[in-house]
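# Survey of secondary and tertiary structure
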Amino acid sequence: MASANQENDRPQNIRAIMTFLREHAPFSSMDDAHLAHFAENASIQFYADGDVVLSPDQDVVKRFYVVKQGRIRGERHNEKEDRAETTFEISKGECFPLAAIIGERPTRTLHRASGDTFCLSIGQSAFVTLFSESEPFRDFCLRGVSSLLDQVNRRIQSSAMASIGSSTSLDTPLERYALRNPIVCSPDLPVRKAVARMHENNVGSIIVTDENRYPTGIFTLRDLRTMIAEGTAPLDTPIQQVMTRNPCCLPSHSDAFEAAMLMAEHHFAHLCVTDDEHKLIGVVSERDLFSLQRVDLVNLARTIGTATHLHTLVSLRTDVSRLVDAMLAHGADSGQVVKIITTLNDVTVRRVLELNIKKNDPGIPFTWLTFGSEGRQEQTLLTDQDNGILFQTPEGMTEEQVREKLLPFARKVNDELAECGFTLCKGNIMASNPKLCLSDKEWDDWFIRFIDASTPQNLVYSSIFLDMRAIYGPMEPLNGLLDKVLTRIRKNALFQKMLAGNAFQRKPPLTMFRNFRYISEGNKHSLDLKRQGLAPFVEAVRVFALANGVETANTLGRIDELVTKEVFDPKDANAWKEAYSLIQAIRMRAHQEMLANEEELTNYIDPDDLNPLDRRILRESFRQAQRLQQKLEVTYQL
Amino acid sequence: MLDQIKQWIEHRRSGKIGSHDPGNLPNPKIPGEQLLTDCRLIVLDLETTGLNPSRDQVIAIGAVAIQGGIIPLGDQFDLILRRPELDISETVLIHGIGPEALTQGHEIEDALLYLLEWMNGDPILAYHSAFDQKFLEKTLKAQLGYSQPHTWMDVADLMPAFFPNTKTGGKGLDNWADYFGLEVSERHHAASDALATAELTLIALNKARGEGVKTMKGLHDKLHYHRRLQNMHRF
């Protein structure tokens, strides 16, 4: 009977405890036998609000606890201010203490119940048994929460893998990526005109079709090369005399694998895709098929940087998103990924500027500035334009005259960037705004007003204009400007305090009871990962950075420099960087998912959609933001 | 736990323990100066075929122990009794114990003897304990001829005694469990209800400690006082 059905043989209460444990890491990855061992050896204890559970005054820790209901607060005495500081909070399904039970020493932190709390606990011998027999348990105990972070990262990677897998999969029907309007011509068109049409459209091949749109031939750049090299025919020959007849065709429901095989077999670089009536609907090139599989950064950057047409830049944006998937899958952390996105975005912006200068040079040197997340090099796929122009007024011209020349140019660039997927800025923080296309003198005045006469409206702008970077044109004018701005802020304690107060307003989305605080939006629970999750870090770090003369705009870079300047404790800084990166990673994964579902990109997520582990990590990350804000509060006596 | 019972039953059958007559069973303890932080309490819940003790029968016994203010899950009792003859069609929907489970249950005498041994004469707590007390005493008398009086305490009195004026929206186990946010794994499963009752008891014992109630007798008196107060209000 014992072996017949183990699960039913276990008493109800043991089964219930096992069910509870299974919902939480690390128990979720443990074997049933080990969970049963835990449950059978567990005790249930109750602590009323404020009761001490473990204290540094007690002896060596002999029990290992899991919160069954309620919360446990870790308290440390802050010597400087002589008050108790909450160092961590442990909620339902979480374990404590780890270091103390493994180190066989008393706890260093006072553990106190926060609200009515039930804990499950096991004694040392059961703990040792599980520790030696269960690998997930041992891993968790030794590496603590960081082992959970690994799990989150692993899952981000595996879901990114899955999405790459589906896009590279060679069983994708051809119609999925061949549905572009192919460049076609009639059989009697002279070669010269056909080549002109190819050039105009920046393509390497042209399909010759008859009056029924049946493909009768194909002519490629390679054919042109042969034709000229061998002098077989003059350029005004009708194309049907030099084209390759009966081009290779596949119906649109064939898959990429068939296409690849056909190309490999015949060394074709192009295939016609036809509908069921054999009418031409598109062309697939070798590059189309294989760019799906290998997207590498250098190549992509080079392709963007040398693109000759706006529409090429637009089409390369999908490659950027694919690259993000690939990077996440290969284990890049969110900090690296946002930098890569920013790099590629920079290249795109530069190329748009270059192409426009080529077409229509305004004739005045300028520095293209970017603000906000782009300025901080923290862009994700969802990005809007925040840019401006800094120029030096040439002799004999007024600033207004310079603007007359630069503004139409900037307008065109803003519009073209919008086509490339950089949404137009709703607040009109764009170079084409006359208020943001300024000379160095005007910018300096602008910042003086900004810093000396801070209004609430100004402070809203602080998150944009105080994170500034030049991405095109000479750098020196901006460096000069930044020097002055930073010096002014360092000297202005009042402005710092206002900035700090402003940053302090941006509360992480946790309630007093450590649940998520939702922004109300109908019935759906949602969190804004950018404004509620990342902004508290970005804003608080900016205050410390500006006050301490840190020039970098990147948040993680600023944190590093603040450690070097001994403003931040290295341990705190690490926790903050980790928390910030995790929120960013969860946000990027959400973006990739939205993209895959062809939804509009937003920064909103519903924590209920996350698994318990992600929810817990997210909550812990928000708590780190609270700690950073506490530092702000203490430093600036808010 | 089941292994313990099986072992015990095997021992008994093989004559190693010897046949228990009621006289050899542990004596019920009287609430005296035992410290609450030391003593063991039994928290028990029965599932029955109905509400009428003179007609209905016990079909499942679930119990957990509280030892020094904590619930050791290794020390519990969770048994369905073998009662193939019973008609449980009326209540099967409530406790979910079907005829098949009843035929596979434990021999009732064995189970009751084991229960008495396991309880070790410690005070018994239950939610609306009068009900469980009547059923258990009747069953013990009928099956084993056992009639020693045990100390019973009602958790339905214990809670309002320590948490007066608490708006729970009712007097039931569910009301208090909801009020304290307890998760009852499977309501109307004897062992699961017993655990929920025991968790409420822990909350009450914590409060008792805060109010300076330290001994079994103190706890008993507090309950007695509360009941008298209730009765006075009734008139």
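Cut-offs applied
Residues numbered from 1 in each chain as written. Chains lettered and ligands numbered in written order. Predicted model: local features only at pLDDT ≥ 70, side-chain atom pairs only at ≥ 80, totals over all residues. Heavy atoms only, no water. Helix = DSSP H or I, 4+ residues; strand = E, 2+ residues; numbered from the N terminus. Contact = heavy atoms within 4.5 Å. Areas by Shrake-Rupley, 256 points an atom, 1.4 Å probe, with all protein chains shown as cover. Buried < 20%, exposed > 50% of the residue type's maximum accessible area, 1.4 Å probe, protein only. Arc of directions from axis to C-beta. Buried area = accessible area lost by both parts, 1.4 Å probe. Salt bridge = Lys/Arg side-chain N within 4 Å of Asp/Glu carboxyl O. Polar contact = N/O pair within 3.5 Å; in protein donor to acceptor, adjacent residues only side chain to side chain. Nonpolar A, V, L, I, M, F, W, Y, C, P; charged D, E, K, R; others polar. Pairing = 2+ DSSP bridges. Axes fitted to C-alpha atoms, helices over the stretch in contact; angles between N-to-C directions. Parallel < 35°, antiparallel > 145°, perpendicular 65-115°, else oblique.

### Topic: the overall build of chain A
Scanning chain A for helices and strands turns up 25 helices and 21 strands. Residue pairs at least 24 apart in sequence account for 71% of intrachain contacts in chain A once pairs closer than 6 positions are excluded. Here chain A has roughly 29400 Å² of accessible surface; of this, 50% comes from carbon and sulfur atoms.

### Describing helix α5 (residues 124-133) of chain A
Buried residues of α5(A): A:A126, A:F127 and A:L130, and no others. The buried residues of α5(A) occupy an angular sector of 100 degrees when projected down its axis, which confines them to one face.

### Observations concerning the interface of chain B and chain A
One frequent convention defines the size of an interface as the accessible area lost when the parts assemble. Facing the 25 residues of chain B at the interface are 24 residues of chain A. The junction of chain B with chain A conceals about 2000 Å² of combined surface from both sides, 54% of it contributed by carbon and sulfur atoms. Applying the counting criterion to the chain B and chain A interface returns two salt bridges. One salt bridge in this structure joins A:K92 and B:E183, with 2.6 Å as the shortest N-O distance. The interface formed by chain B and chain A includes 11 residue pairs in polar contact (both at pLDDT 80 or more). If you list the elements that add at least two residues to the side of chain B that touches chain A, you get α1 (2-13), β3 (71-72), β4 (76-80) and α8 (190-210) of chain B. Considering only residue class, the side of chain B that touches chain A consists of 13 nonpolar, seven polar and five charged. Across two bridges, the pairing between strand β1 (residues 43-47) of chain A and β3(B) is antiparallel. Residue pairing in the sheet places A:S43 in a bridge with B:P72 of β3(B).

### Points about the packing of helix α23 (residues 555-564) of chain A against helix α24 (residues 570-596) of chain A
Residue and element names in this part refer to chain A. Running from amino to carboxyl end, α23 crosses α24 at an angle of 175 degrees, the nearest separation of the two axes being 10 Å. One element, α23, and the other, α24, form an angle in the roughly antiparallel class. Between α23, through T555, L556, I559, D560 and V563, and α24, the contact on the second element is made entirely by P570, A573, W576, K577, Y580 and S581. Taken together, the residues of the contact of α23 with α24 sort by class into seven nonpolar, two polar and two charged.

### Topic: the sheet that holds strand β2 (residues 52-54) of chain A
Residues and elements named next belong to chain A. Within the open sheet, the four strands sit side by side as β2-β7-β4-β5. Their pairing is antiparallel. Where the open sheet ends on each side, the last strands, each with one partner, are β2 and β5 (83-91). Across this sheet, the average inter-strand angle for adjacent strands is 35 degrees, counted without regard to direction. Pairing geometry for strand β4 (residues 71-78) and strand β7 (residues 110-113), over four bridges, is antiparallel. Counted as the bridge partner of G74 is H111 from β7.

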